[in-house]
Amino acid sequence: MHTHTSDLSVFPFDARGVAKRFRHAAIFGALESLNHGERMRFVNDHDPLPLLGQIEQRYGGQVLINYVERSPQQVVIDFTIHVADSEPAPAQAPAAQQGGCGGGGGCGCSGG
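Everything numeric in this text was worked out from a predicted model, so none of it was measured.

A. The arrangement of the environment of N44 in detail. In this structure, N44 sits in strand β2 (residues 39-44). The sequence separation of N44 and F13 amounts to 31 residues, and the corresponding C-alpha distance is 8.9 Å. The residues touching N44, leaving out its near neighbours within four places in the chain, are A15, R16, R23, Q73, Q74 and V75. A polar contact is formed between the side chain of N44 and the backbone oxygen of H46, at a distance of 3.4 Å.

Now the structure itself:
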């Protein structure tokens, strides 16, 4: 079975299968492993508004957020990595090297 070439840069991430105390760290780690133009299709059982705020604060315009589905039962969001030519890509590298939460807990996760 062949997958369309455009689908090769879409990576699924189902947060419902990740323990709540590890979710944000796992999400940040997954985002930091993506390259420019790649997309993570995030699935959750609720709208993760605090997480979206943390992503905006942490990555600014480098992560584009697009809702695919927004219902009471399921939320699907595409996170697409966009590193502008004028922005240096190495800004992400230190956090990725330190781990999913940037080592010192920079994501603001309480672990709970």
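Still more to cover.
B. Broad picture of the pairing of strand β3 (residues 63-70). In terms of strand pairing, β3 meets strand β4 (residues 75-81) through 7 bridges, oriented antiparallel. What sits directly across from E69, in β4, is V76. Once β3 ends, the chain turns through 4 residues before running back antiparallel as β4.

C. View of the nonpolar core. Grouped together as the largest cluster of nonpolar side chains are 19 residues, with contacts concentrated most on L31, M40, F42, I55 and F79. Residue assignment for this core shows that the elements contributing at least two residues are α1 (23-32), β2, α2 (49-59) and β4. Sequence-distant contacts of M40, that is, excluding residues within four places in its chain, are made with F11, F13, I27, A30, L31, L34, I77, D78 and F79.

Cut-offs and rules
Residues numbered from 1 in each chain as written. Predicted model: local features only at pLDDT ≥ 70, side-chain atom pairs only at ≥ 80, totals over all residues. Heavy atoms only, no water. Helix = DSSP H or I, 4+ residues; strand = E, 2+ residues; numbered from the N terminus. Contact = heavy atoms within 4.5 Å. Polar contact = N/O pair within 3.5 Å; in protein donor to acceptor, adjacent residues only side chain to side chain. Pairing = 2+ DSSP bridges. Core = buried A, V, L, I, M, F, W, Y, C linked by side-chain atoms within 4.5 Å. Buried < 20%, exposed > 50% of the residue type's maximum accessible area, 1.4 Å probe, protein only.

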